[in-house]
Amino acid sequence: MNGVAVRSRGVTTGQVLSLLLLFGVSDWVSAAIRYAIPEEARRGSAVGNVVADLALDLGRLPGRRLRVVSGGNKKYFGVDLTSGALLVSERIDREELCGALSPCSLSFEIVVENPLELYSGAVEIQDINDNDPVFPSSQARLEISESVAAGARFPLESAQDPDVGINSLQTYQLSTNPHFALDVQTRVDGSKYAELVLEKELDREEQRELHLVLTALDGGSPPRSAHVQIHIDVVDANDNSPVFNQSTYKASVRENTPTGTLVARISAYDLDDGPNGDIVYSFSSHTPAKVRELFALDSATGELRVKGQLDYEETKLYEIYLQAKDKGVVPGVAHCKVLVEVVDVNDNAPEVTVTSVYSPVPEDAAPGTVVALLSVTDLDSHDNGLVNCFISPGIPFTLSSSLKNYYTLKTKAALDREKASEYNITITARDSGSPPLSEVKQILVQVSDVNDNAPKSSQDSYDVYVLENNMPGIPILNVSATDPDLGRNAHLSYTILQGDPAVGHLFSINRENGTLYLLTSLDHEDQVEFSMMVQVQDGGSPPLATNVSVSVFVTDLNDNAPTVLYPHPNTTATYTDVVAPGTPAGHMVTKVVAVDADAGYNAWISYTLLQATDPSLFSVGLHSGEIFTARQLQEDDAPQHTLVILLKDHGEPVLSTSATVSISVAEMVKEVLTDLTDVAPANDPRKHVTFYLILAVILVSAAFFITMLSLGIFKCYKWRQSKELFNSSRSTLYRTPGPFHHIDAVRGGLTPPNFYHQVYLTTDSRQSDILCKKPFTSSPLGSRQSTMRNGEPGLYHQIVGTASRLPTPAEQAQPNTDWRFSQTQRPGTSGSQNGEEGGAWPNNQFDTEMLQAMILASANEAADGNSTLGGGTGTMGLSARYGPQFTLQHVPDYRQNVYIPGSTATLTNAAGKRDAKSASSSGGNKKKSGKKEKK
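These numbers were taken from a predicted model, which means no experiment stands behind them.

1. Concerning the overall build of the chain
A count of helical and extended segments in the chain gives 11 helices and 52 strands. Burial statistics for the chain: of 935 residues in total, 40% are counted as buried. When contacts within the chain are restricted to residue pairs at least 6 apart in sequence, those whose partners lie at least 24 apart make up 65%. Counting every atom, the chain has about 50,600 Å² of accessible surface; 53% of that belongs to carbon and sulfur.

2. Description of the sheet that holds strand 6 (residues 85–88)
Strand order in the open sheet formed by 3 strands is 3-6-5, and the pairing between neighbours is antiparallel. Since the sheet does not close on itself, it has two edges, and those belong to strand 3 (46–49) and strand 5 (77–79), each with one partner. In this sheet, neighbouring strand axes are inclined to one another by 25 degrees on average, regardless of whether the strands run parallel or antiparallel.

3. Focus: the nonpolar core
With 28 residues, the main nonpolar core has Phe295 and Ile320 as its most contacted residues. Listed by contribution, the elements that provide at least two residues to this core are strand 17 (248–254), strand 18 (262–265), strand 20 (279–283), helix 4 (289–294), strand 21 (295–297), strand 22 (303–306), strand 23 (317–326) and strand 24 (333–343). Of the residues forming this core, the biggest block, 5 residues, is contributed by strand 24. Apart from residues no more than four positions distant in its own chain, Phe295 is found in contact with Val263, Phe283, Leu304, Arg305, Val306, Lys307, Leu310, Tyr318, Ile320 and Val340.

4. Brief notes about the pattern of salt bridges
A complete count under the given rule lists 20 salt bridges for this structure. In this structure, Arg265 and Glu303 form a salt bridge, with 2.6 Å as the shortest nitrogen-oxygen distance. With a gap of 38 residues between them, Arg265 in strand 18 and Glu303 in strand 22 connect regions that are remote in the sequence. Judged by relative accessible area, which is 14%, Glu303 ranks as buried. Among the charged side chains, a network of salt bridges with common partners joins Glu40, Arg91 and Asp93.

5. Overview of the pairing of strand 41 (residues 545–555)
Where strand 34 (residues 461–467) and strand 41 come together, 7 bridges link them in parallel fashion. Residue pairing in the sheet places Leu467 in a bridge with Thr555 of strand 41. In the sheet, strand 40 (residues 529–538) pairs with strand 41 via 9 bridges, with the strands oriented antiparallel. Within strand 41, the residue paired with Met533 across the bridge is Ser549.

6. Points about a nonpolar patch on the surface
Together, Phe704, Met708, Leu711 and Phe714 make up an exposed nonpolar region whose accessible area comes to about 430 Å². Position of Leu711 relative to the elements: it lies in helix 7 (residues 689–727). Take Leu711: its relative accessible area is 43%, and that puts it in the partly exposed class.

7. Examining the confidence of the model for the chain
Segments scoring low in pLDDT should not have their predicted coordinates read at a detailed level. When pLDDT is averaged along the chain, the result is 74, and 71% of the positions lie at 70 or above. Under a pLDDT of 50 for its full length, residues 729–846 has, in the predicted model, 202 contacts with residues more than four places off or in other chains. Low pLDDT, under 50, characterises residues 859–935; the stretch is placed with 119 contacts to residues that sit more than four places away or in other chains.

8. Some thoughts on unusual backbone geometry
Note that the residue after Ser434, namely Pro435, is joined by a cis bond; omega there is -5 degrees. For Pro435, the position within the fold is in the loop between strand 31 (422–431) and strand 32 (438–448). Here the amide bond leading from Tyr566 into Pro567 is cis, since omega sits at -5 degrees, within 30 degrees of zero. Note that Pro567 resides in the loop between strand 42 (563–566) and strand 43 (576–579). Despite not being glycine, Asn114 has its phi angle at roughly 55 degrees, a positive value. By the element assignment, Asn114 lies in the loop between strand 7 (104–112) and strand 8 (117–126). One non-glycine residue, Asn405, adopts positive backbone phi at about 70 degrees. On the secondary structure map, Asn405 appears in the loop between strand 29 (397–403) and strand 30 (406–411).

9. Brief notes about the packing of aromatic side chains
Counted according to the given criterion, the structure contains 11 aromatic pairs. Seen in terms of ring centroids, Phe154 and Phe180 are 6.3 Å apart; in terms of plane orientation they differ by 75 degrees. Their pairing is edge-to-face. Taken together, the positions of Phe154 in strand 10 (residues 153–155) and Phe180 in strand 12 (residues 180–186) put the pair 26 residues apart, joining distant regions of the chain. With respect to class, Phe154 is no different from Phe180; both count as buried. Relative to Trp604, the ring of Tyr601 has its centre 4.8 Å away and its plane inclined at 45 degrees; by these criteria the two rings are tilted.

10. Comments concerning the pairing of strand 20
Regular strands have side chains that alternate between both faces of the sheet. Because side chains alternate across strand 20, one face comprises the buried residues Ile279, Tyr281 and Phe283, and the other comprises Val280 and Ser282, none of which is buried. Bridging between strand 20 and strand 23 involves 5 bridges; their strand directions are antiparallel. From the neighbouring strand, Phe283 faces strand 23, where its bridge partner is Leu322.

The rules behind the values
Residues numbered from 1 in each chain as written. Predicted model: local features only at pLDDT ≥ 70, side-chain atom pairs only at ≥ 80, totals over all residues. Heavy atoms only, no water. Helix = DSSP H or I, 4+ residues; strand = E, 2+ residues; numbered from the N terminus. Buried < 20%, exposed > 50% of the residue type's maximum accessible area, 1.4 Å probe, protein only. Contact = heavy atoms within 4.5 Å. Areas by Shrake-Rupley, 256 points an atom, 1.4 Å probe, with all protein chains shown as cover. Pairing = 2+ DSSP bridges. Axes fitted to C-alpha atoms, helices over the stretch in contact; angles between N-to-C directions. Core = buried A, V, L, I, M, F, W, Y, C linked by side-chain atoms within 4.5 Å. Salt bridge = Lys/Arg side-chain N within 4 Å of Asp/Glu carboxyl O. Patch = residues over 30% accessible without salt bridge, like charges linked within 9 Å, V, L, I, M, F, W, Y side chains within 5 Å. pLDDT = per-residue confidence, 0-100. Phe/Tyr/Trp six-rings, centres within 6.5 Å; stacked < 30°, edge-to-face > 60°.

So, in structure tokens, the structure goes:
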């Protein structure tokens, strides 16, 4: 049968216990609930739904760590967290657990956390008929005198059935016979025993022995049975049987009574004489074997003594059946009963069970945090089983009782792992017996670390002195710090805070040990001091950090020789100082100027005359470098003197350099200059290296730009050609150029058709950037007018024919070698024209705009065949204003060629020299522009 909850006070099976015992002690809620299940229930069988019966939230069970705590070594029950059902987890044998006790129940506790709640419960183990009755032996032998009168009773050995209730031994049956009947009696504890009742007197001469079968039956369905063979020998009569003074004896004994202690003395008498009157005392046949192990009976005196160890917690009352038998041929037998009550003594120390320990406890746990849950049991009764618990003082914990026999261990003050990382808590449980018994339980509670301490450096700042010209990669400092925390919270990492970008390139720090490395060689002459901030951070969450200031000072070494500023040592030109003949002694002729990049003594320079044409003529100031005449110059002195001056610093080791000074003795400076003109300056091959590099970059960029521009025009050309072939119903020779036909409007093929840009170039566009840009306008005339209005005075345009006027690639005519303008016909100011050629080119903004408008109108009228601008054929009316030399023969032929500024696709040899000259000047301008961009 399935496990069901049962009500107390006889409520039927299958109903839930309605009475919940609620206790409001501390933060606990406790309730009691009872269930009933049959013994030998399968593992996994449901006992009941504790979650529903206790009104718990099933969805929160996984987070609340519900568990079942039961006494003993076996865990008989568990809870299915998905359904809330209490399940059987171990085999349950009622006879093994409770023996003959009824009812038999198993107690358990349900612990639920977050918040902590405790519920107690019990499961009644219902007996099933799983055991057969058993007789002590398979045969029984009786000797009955023939003189025994009818009605005499003969006790028989009782069968034992470990089951209880209806499944226990219920009755006996006797095989059919003419002499005996069976009388079934009930003891105080409800057990059954059988007696043979003589109904018809025996006659030994008629029948010497009888064979009967006694059957023991229990009340199961179907009933179980056991059989014993009874052999009865009929003997001659002993007509008096022993008689006890009383049928029932009572005694009490303490459970700790030592072996051999007298419990009771029984007495019986027999009126017969001789052996028939001698009485022997013994245990009755139906006395349990366990009783015989605990008690001993003196067969001669009838004294009942303690033989084994009595235990009040196991059995409180013993019912002992004794008999007195005489020594006659047919012994007479008398029976009596002894009731022995066991008195409880304080012989069981309290037992402390640690149900739950929540360790480690974080050091920032608030006071009142539950650390452990304890249960205390004492098998004794009354005051002997009343237990009190306490812990040793001086620790930040407290012990409180939340329910009978249950205690909670809580924190009562703040914890600090750095002061105490663990606590070995001693819990003492003492009962109220006399003398009291106690038990000590040790609980180890560890304190887990919390990142509550920032790293601490041994000093707040460091000053480090490093010699310049150091080896790269050397360690210069070890930043040390400590953190009293534990584990990852104490794992320190070192980083340099990015303040000065130069510091990050020069210094590096080991993240693990704080060693500061110098990555490059330092130069005192570049920078003397470096300051940085090193951050020491632990690995906690969130991390804590401390900043340490580090200053690195670069000390000077004598690593720079003196540098001569005058005379310049790295030039091929000769510097000659002139002194007039007859100059007196002490006259300063010149001065050697030098510097030393080092500092202090390393930068002090001394000057010494190392070599001279005439050592007696000149002297050098030791510290000033000034060259003086040592004596007056004579006419016979050499006209040219070369002095070699040695310059030394005061460093260790000493570094030196030399300077060569040329001095001429002459009346006039012109003589010296004449000599100097004969010296041709050497050509420095590196002089134009920068120029060539810039020019190469410009040429590569220009080539790329021209390639991309040509590709765009070609794409536009192909698109326009396909479009006009499809849409045009008639072919026209000239049309009004649209916005796509301006050379000042460059449109990329990937730009959306509703948005274009126009780029205007000045006449000197070789040296300048884009002048302006503006969105594309849809009106051709408006576009041109806007172009002319927004352009600079020198702005000019050349009109490019549309794709419809261009011949196919196969029909492309060769470029006309005479289509370019001459020098006088090129745009520019009037002053730039050659006076030998007549006519005038527009030299102001108004004239330029007029010329552009006339060219545009002539192109439009030519397309319509009715040009009316004046002038002869092919002049477009321009010769009237600008001279007869300006005709249309000087204008590019739109129908054959397309001129792209900056491209050589249609350039001819007509103006090759002029173009080459222009190109060279353009290159110079581009170089200049490139410098501007670099700035």
